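Spelled out from the first residue to the last, the chains are:
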Amino acid sequence: MTIRIPGVMHARQILRQSKYFANQVSSNSVPKGYCTVYVGESQKKRFVIPILFLTQPSFQELLSKAEEEFGFDHPMGGLTIPCREDIFINLTSRLSGL
């Protein structure tokens, strides 16, 4: 039996579309109003998120964690967030509903 959480499913769909769009344009190009972040504890996955997320307090907590771990030297060349992918997807799904 599978339990589906609508918010998480919606967020995954948004993130898949963002990742799909990001793969369609050149790897260095990000749509206006969006930024690229790398998420994961060991293997990093690339996500394209709205810049609006960066101003949200819950997202800023993740940014503080990234600053503690990486400082301003991000090994992937972009913003790196050291958290589990499912936590990131859950957070972005809640922020998409605002």
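Just so we're clear, the structure is a prediction, and the values are computed from it rather than from any experiment.

Calculation notes
- Residues numbered from 1 in each chain as written.
- Predicted model: local features only at pLDDT ≥ 70, side-chain atom pairs only at ≥ 80, totals over all residues.
- Heavy atoms only, no water.
- Helix = DSSP H or I, 4+ residues; strand = E, 2+ residues; numbered from the N terminus.
- Expected span 1.5 Å × (residues − 1).
- Buried < 20%, exposed > 50% of the residue type's maximum accessible area, 1.4 Å probe, protein only.
- pLDDT = per-residue confidence, 0-100.
- Contact = heavy atoms within 4.5 Å.
- Pairing = 2+ DSSP bridges.
- Core = buried A, V, L, I, M, F, W, Y, C linked by side-chain atoms within 4.5 Å.
- Phe/Tyr/Trp six-rings, centres within 6.5 Å; stacked < 30°, edge-to-face > 60°.
- Axes fitted to C-alpha atoms, helices over the stretch in contact; angles between N-to-C directions.

A.B. asks: I keep staring at helix H3 (residues 85-96) and nothing clicks. Help me out?
C.D. replies: Residues spaced three or four apart along an α-helix face the same direction, because each turn holds 3.6 residues. Over its 12 residues, H3 runs 16 Å from end to end, which matches the ideal 16 Å to within 8%, given 1.5 Å per residue. Those residues of H3 lying buried are Phe88, Ile89, Leu91, Thr92, Ser93 and Leu95.

A.B. asks: When you look at the confidence of the model for the chain in this model, what are you seeing that I'm missing?
C.D. replies: The predicted coordinates of low-pLDDT regions are not to be read in fine detail. Overall, the prediction assigns the chain a mean pLDDT of 75, with 63% of residues at 70 or greater. Within the chain, helix H1 (residues 6-24) has the poorest average pLDDT of any element, 50, and strand E2 (residues 45-50) the best, 92. Below a pLDDT of 50 lies the segment residues 20-25, which in the model reaches three contacts outside its immediate sequence neighbourhood of four places, other chains included.

A.B. asks: Would you take a moment to explain the pairing of E2 for this structure?
C.D. replies: Regular strands place side chains that alternate from one sheet face to the opposite one. In terms of strand pairing, strand E1 (residues 34-39) meets E2 through six bridges, oriented antiparallel. Paired with Cys35 across the two strands is Ile49, which belongs to E2. Adjacent in sequence and paired antiparallel, E1 and E2 are bridged by five residues, among which Gly40 carries a positive phi angle near 145 degrees.

A.B. asks: Mind showing me how you'd approach the nonpolar core here?
C.D. replies: One broad rule of soluble globular proteins: the nonpolar side chains tend to lie buried together. Ranked by internal contacts, the top residues of the largest apolar core, which has 13 residues, are Val37, Val39, Ile49, Phe59, Ile81 and Phe88. Within the residue set of this core, elements represented by two or more residues are E1, E2, helix H2 (57-70) and H3. Non-local contacts of Phe88, meaning those with residues more than four positions away in its chain, are made with Val37, Val39, Phe47, Ile49, Phe59, Leu62, Ile81 and Cys83.

A.B. asks: Can you help me understand the packing of aromatic side chains in this one?
C.D. replies: Two aromatic rings, taken as a pair, are described by how far apart their centres are and by the angle between their planes. Under the criterion given, the structure shown has three aromatic pairs. Their ring planes at 50 degrees and their centres at 6.4 Å tell us that Phe53 and Phe59 sit as a pair that is tilted. Note on accessibility: Phe53 and Phe59 belong to one class, buried.

A.B. asks: Would you explain the sheet that holds strand E3 (residues 79-81) in this entry?
C.D. replies: Sheet strands associate in pairs through backbone hydrogen bonding, adopting either a parallel or an antiparallel arrangement. In space, the three strands of this open sheet follow the order E2-E1-E3, with mixed pairing throughout. Of all the strands in the sheet, the pair left with one neighbour each is E2 and E3. Strand-to-strand twist in this sheet, taken as the mean axis angle between neighbours without regard to direction, amounts to 40 degrees. Bridging between E1 and E3 involves three bridges; their strand directions are parallel. Each bridged residue has a counterpart across the sheet, and for Val39 the counterpart in E3 is Ile81. The sheet contacts of H3 involve E1, E2 and E3, and relative to E2 the element is tilted by about 10 degrees.

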